[in-house]
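So you can see what is in the structure, the chains are spelled out below.
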Amino acid sequence: MSLSKEQIAQRIAKEVKDGYYVNLGIGIPTLVANFVRNDIEVEFQSENGILGMGPFPFEGEEDPDLINAGKQTITALPGASFFDSAMSFSMIRGQHVDLTILGAMEVAQNGDIANWKIPGKMVKGMGGAMDLVASAENIIVAMMHTNRAGDSKLLKACSLPLTGVNCVKKIVTDLCVLEIVDNQFKLLERAPGVTVEQIKEATEGDLIVEGTIPEIVF
Amino acid sequence: MINKTVANVSEACEGIADGMTFMLGGFGLSGIPENAIAELVKRGVKNVTCISNNAGVDDFGLGLLLQKRQIKKMISSYVGENAEFERQMLSGELEVELIPQGTLAQRCQAAQSGIPGFYTPAGYGTEVAEGKEAREFNGKMHILEHAFKADFAFVKAWKGDTAGNLIFKGTARNFNPNMCGAATITVAEVEELVPAGTLDPNHIHIPGIFVQRIFQGERYEKRIEQRTVRKK
């Protein structure tokens with residue numbers, strides 16, 4: 001069975017380590033916060049200007065002056081801080097943020113990522129994604145393995161306009177966990193019940209399969 | 001203290017003209033200069049270039065200027081929330097320059113600081129880098145970006161004093177401080193305007209030197225774009 005979006009987030013949460021400052025993108029990455037172990041100390045940064053982002057507010061306590069990068073109402077945890085956009089990207093470009101988790105439309109086997117534009121059809125903009133992927137040491141992509149048309153999103157080369165080059169290190173999809181090694185996708189783990197054959201079929205890029213591939217453990 | 005107060009938004013917008021370039025603070029609908037935007041709509045100023053992270057939603061924020069076709073060009077990083085924007089852009093009616101969010105903030109900051117340009121890794125190897133100088137620093141490629149030039153910066157703060165000192169609240173701060181002093185004239189609108197000397201100098205986010213005109217906004221709708229809550 002392929003993973004749900006929540007399960008993708010749950011698996012990525014295992015990559016979040018004690019003492020990390022983490023930037024979460026919009027969509028599946030936002031869900032990661034719900035699954036981080038509560039015996040470790042982690043601070044979530046939202047690029048619109050908060051470090052120490054907390055959960056959604058209780059009903060009736062929403063504050064229009066307190067939102068995340070997805071424009072959702074949020075709360076600030078004790079010890080949180082607010083700052084302006086230039087300082088926010090000093091944290092990001094200056095590599096003070098330890099882990100970046102974001103979504104993608106396409107990832108190539110050399111680590112290129114595309115997630116901001118479909119020429120002639122959809123142009124939402126890159127937001128902070130280009131700054132994040134150009135600077136972060138540790139980037140994990142959360143996405144479905146194939147698009148709505150059933151085409152692979154893990155490619156030899158991206159077909160859409162790029163967000164960044166040679167930057168993605170790890171990918172968690174509904175089918176598996178992959179790492180980018182020597183310009184190839186290396187299969188690390190597979191979703192429970194999903195076969196290596198199914199993953200091969202859904203992956204357009206070159207896939208390295210070494211030995212027995214374990215199932216994802218949450 | 002030098003007095004920066006103007007009577008109202010109309011006086012604050014004295015000198016705006018067709019074809020000018022405006023900076024507008026805010027992220028989504030949070031911390032946008034609501035009163036200045038309403039005045040720009042009312043005055044019907046045309047063919048303007050707007051530097052703003054987002055383009056509002058269809059019926060609020062900069063979306064109001066888009067509806068009236070007052071904007072010739074937008075310089076933004078993310079415009080996903082506005083269907084009218086997307087329509088005008090895809091049909092070619094609206095000129096759009098999409099740039100990385102950190103680059104947008106730094107181009108404001110550079111203008112404020114008198115730094116004409118800077119190198120950033122953001123966008124290297126993408127279409128954002130096309131036509132820009134690329135240079136290697138410490139084994140990594142960067143592109144040259146320039147400070148913005150703008151006629152007016154419209155920012156919104158929580159509190160301000162008659163000397164133009166500003167304090168922001170929560171994530172409504174965002175681009176507002178970076179745009180102060182980044183244009184020829186900076187117009188600050190605040191929820192609460194107090195006499196100089198009332199605010200603790202330790203708590204000032206932006207000193208009044210970066211602000212030319214300040215006024216208390218008549219009303220703030222402060223619309224929430226994505227209301228997300230949890231159960232008690």
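Everything here concerns the structure above.
Residues numbered from 1 in each chain as written. Chains lettered and ligands numbered in written order. Predicted model: local features only at pLDDT ≥ 70, side-chain atom pairs only at ≥ 80, totals over all residues. Heavy atoms only, no water.

A.B. asks: Any chance you could break down the overall build of chain A for me, citing the residues and the numbers?
C.D. replies: When helices and strands are tallied, chain A shows five helices and 15 strands. Relative to a compact globule of 218 residues, whose C-alpha radius of gyration would be 17 Å, chain A shows 17 Å and is just as compact. Reported as C-alpha extents along the three principal axes, the dimensions of chain A are approximately 50 × 40 × 30 Å. Taken across its 218 residues, chain A has 57% of its residues classed as buried. Taking contacts inside chain A between residues at least 6 apart in sequence as the whole, the part at least 24 apart equals 61%. Total accessible area computed for chain A in this model is approximately 9,100 Å², and 49% of it derives from carbon and sulfur atoms. (Helix = DSSP H or I, 4+ residues; strand = E, 2+ residues; numbered from the N terminus. Rg over C-alpha atoms; globule rule 2.2 N^0.38 Å. Buried < 20%, exposed > 50% of the residue type's maximum accessible area, 1.4 Å probe, protein only. Contact = heavy atoms within 4.5 Å. Areas by Shrake-Rupley, 256 points an atom, 1.4 Å probe, with all protein chains shown as cover.)

A.B. asks: Account for the pattern of salt bridges, naming residues and giving values.
C.D. replies: On inspection of all chains with the given rule, the structure shows 29 salt bridges over all chains. The closest approach of N and O atoms between Glu93(B) and Arg87(B), which form a salt bridge, is 3.0 Å. Within the structure, one salt-bridge network assembled from shared partners comprises Asp63(A), Asp65(A), Lys156(B), Lys169(B), Glu191(B) and Lys222(B). (Salt bridge = Lys/Arg side-chain N within 4 Å of Asp/Glu carboxyl O.)

A.B. asks: An account of the interface of chain A and chain B is needed here, citing residue identities and associated values.
C.D. replies: Across the contact, 50 residues belong to chain A and 51 residues belong to chain B. Buried surface at the junction of chain A and chain B, summed over both partners, amounts to about 4,300 Å²; 57% is from carbon and sulfur atoms. Remark: the boundary between chain A and chain B carries seven salt bridges. Notably, a salt bridge pairs Lys169(B) with Asp65(A), separated by 3.0 Å at the nearest N-O pair. The interface formed by chain A and chain B contains 31 residue pairs in polar contact (both at pLDDT 80 or more). Of all the secondary structure elements, the ones that give two or more residues to the side of chain A that touches chain B are α3 (85-93), β9 (122-123) and α4 (129-135) of chain A. (Buried area = accessible area lost by both parts, 1.4 Å probe. Polar contact = N/O pair within 3.5 Å; in protein donor to acceptor, adjacent residues only side chain to side chain.)

A.B. asks: Break down helix α2 (residues 34-43) of chain B for me, citing the residues and quoting the values.
C.D. replies: All names here are of chain B. Counting buried positions along α2 yields seven of ten residues, so the element is predominantly enclosed. Taken as a whole, α2 has its buried residues at Glu-34, Asn-35, Ala-36, Ile-37, Glu-39, Leu-40 and Val-41. As for α2, its buried residues are in contact with α1 (9-12), β1 (21-24), α3 (63-67), β8 (152-161), β10 (185-194) and β11 (213-216). Positive backbone phi, at 65°, marks Gly-44, one or two positions downstream of α2.

A.B. asks: An account of helix α4 (residues 83-90) of chain B is requested, with residue identities and associated values reported.
C.D. replies: Those residues of α4(B) that sit buried are Glu84(B), Phe85(B), Glu86(B), Gln88(B) and Met89(B). Each element contacted by the buried residues of α4(B) is listed here: β9 of chain A together with α3, β3 (71-76) and β4 (95-98) of chain B. After α4(B) finishes, the residue Gly92(B) shows a positive phi value of roughly 85°.

A.B. asks: So what's going on with the sheet that holds strand β11 (residues 154-155) of chain A? Which residues, and what values?
C.D. replies: Residues and elements named next belong to chain A. As summarised here, the arrangement of the three strands in space is β7-β6-β11, forming an open sheet in which the pairing is mixed. Each edge of the open sheet carries a strand with a single partner, namely β7 (113-114) and β11. Sheet analysis places strand β6 (residues 106-108) next to β11, joined by two bridges and oriented parallel. Bridge pairing in β11 places Val-107 opposite Leu-154. (Pairing = 2+ DSSP bridges.)

A.B. asks: How would you sum up the pairing of strand β3 (residues 50-54) of chain A? Please name residues and give values.
C.D. replies: All names here are of chain A. In terms of burial, β3 is a largely internal element, five of the five residues being buried. Examined bridge by bridge, strand β2 (residues 43-46) and β3 share two bridges and lie antiparallel to one another. In the sheet register, Gln-45 faces β3, and the bridge partner there is Leu-51. Connecting β2 to the antiparallel partner β3 that follows it, the hairpin turn spans three residues, and Gly-49 within it adopts a positive phi of roughly 125°.

A.B. asks: Summarise the pairing of β3(B); cite the residues concerned and give the values.
C.D. replies: Residue and element names in this part refer to chain B. Among the six residues in β3, five count as buried, and that is most of the element. Both strand β2 (residues 48-51) and β3 contribute to a ladder of four bridges, which runs parallel. Bridge pairing links Cys-50 to Met-74 in β3. Examined bridge by bridge, β3 and β4 share four bridges and lie parallel to one another. Bridge pairing links Lys-73 to Glu-95 in β4. Handedness of the crossover joining β3 and β4 through α4 is recorded here as right-handed. (Right-handed = clockwise from strand over helix to strand, strands pointing away.)

Purely geometric numbers; function is a separate question.
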